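Now for the letters of each chain:
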Amino acid sequence: FWSLAAHGFGLVDPGIHADDDWRERPAFKVLKVFFRMFKHGHYTQAIRRGESNVWAMKFVSCEGPTIVAAWCSDPSTNAPIPALGFKPAKVIDLYGNAIPIPQYLTGDIVYLIDRM
């Protein structure tokens, strides 16, 4: 439990002062999006495994569409999105917001969705 509720780096923490309300940390919100995206889904393939600092993992969600989770471990390289085998119909950022297809990957994960 302590790692889930650790001050400053847990999924939730009690804030700065002892009488503060508990708050969700950014990692908690990101984890909720991940679980919402892949609930009852499964991993199918690694498209990229760190080559040129790009990571791209293919999943199939419970609703059926193929989703690629992609990010770059060194955003200063301006790494483009690798070949996916499909043109994304939708892109979701790590917080669950729909965004335009990015020109380059950053250190923040994006979810590239085949069809809705």
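Scroll up to find the structure.
The structure displayed is predicted, hence computed values, not measured ones. (Residues numbered from 1 in each chain as written. Predicted model: local features only at pLDDT ≥ 70, side-chain atom pairs only at ≥ 80, totals over all residues. Heavy atoms only, no water.)

An order of β3-β4-β5-β8-β6-β7 is seen for the 6 strands of this open sheet, with the pairing classed as antiparallel. The sheet terminates laterally at β3 (42–49) and β7 (98–99), the two strands that pair on one side only. Looking at chain direction, strand β4 (residues 54–60) and strand β5 (residues 66–72) are connected through 7 bridges and run antiparallel. From the neighbouring strand, W55 faces β5, where its bridge partner is W71. Sheet contacts for helix α1 (residues 26–38): β4, β5, β6 (90–93) and β8 (110–113); angle to β8, the most-contacted strand, approximately 20°. (Pairing = 2+ DSSP bridges. Helix = DSSP H or I, 4+ residues; strand = E, 2+ residues; numbered from the N terminus. Contact = heavy atoms within 4.5 Å. Axes fitted to C-alpha atoms, helices over the stretch in contact; angles between N-to-C directions.)

For H40, which is not glycine, the phi torsion reads 65° and is therefore positive. Inspection of the secondary structure assignment puts H40 in the loop between α1 and β3. Overall, H40 belongs to the exposed group, its relative accessible area being 72%. For N78, which is not a glycine, the phi torsion comes out positive at approximately 50°. Note that N78 resides in the loop between β5 and β6. (Buried < 20%, exposed > 50% of the residue type's maximum accessible area, 1.4 Å probe, protein only.)

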